[in-house]
Amino acid sequence: MGAESDWEPRAVCRRLEPELFFEPATRSLAKAACARCPVRAECLDAVLIREEGLRVGDRSGIFAGLLPGQRVALAKRRAAQTPPAQ
Ligand code: SF4
């Protein structure tokens, strides 16, 4: 594991059971937690970087309120919007 980012102590999921974010039965609770999380944007950027290049089947859990397939779709949309390096 790497060093903790400065936003991580403010994450709502810090005060919840991690399994909540990985079980289909608690998906709505996890999404609700992410919806009220003050560091959702930071979490989203971090997870997209961490999962870069992974197939959807190699991703798991809900992060920033998004399921693995939703994160793949968002990463593709972001990549399509990013201009090529000069
Ligand atoms: S947005 Fe990210 S940091 Fe916040 S509760 Fe959801 S998974 Fe945790």
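Residues numbered from 1 in each chain as written. Predicted model: local features only at pLDDT ≥ 70, side-chain atom pairs only at ≥ 80, totals over all residues. Heavy atoms only, no water.

Draft legend 1. Just the side chain of Glu51, in detail. Considering the arrangement of structural elements, one finds Glu51 in the loop between helix H2 (40-50) and helix H3 (68-81). Side chain to side chain, Glu51 and Arg59 meet in a polar contact 3.0 Å long. With residues near it in sequence (within four places) discarded, Glu51 still touches Arg59, Ser60 and Arg71. (Helix = DSSP H or I, 4+ residues; strand = E, 2+ residues; numbered from the N terminus. Polar contact = N/O pair within 3.5 Å; in protein donor to acceptor, adjacent residues only side chain to side chain. Contact = heavy atoms within 4.5 Å.)

Draft legend 2. Spatial organisation of H3. The terminal C-alpha atoms of H3 lie 20 Å apart, and with 14 residues this matches the ideal 20 Å at 1.5 Å per residue to within 8%. Regarding H3, the residues found buried are Pro68, Arg71, Val72 and Leu74. Projection of H3 onto a plane perpendicular to its axis shows the buried side chains occupying an angular sector of 165°, all on one side. Away from the buried face of H3 by more than 90 degrees, exposed residues Lys76, Ala80 and Gln81 are located. Elements that come into contact with the buried residues of H3 comprise H2. (Expected span 1.5 Å × (residues − 1). Buried < 20%, exposed > 50% of the residue type's maximum accessible area, 1.4 Å probe, protein only. Arc of directions from axis to C-beta.)

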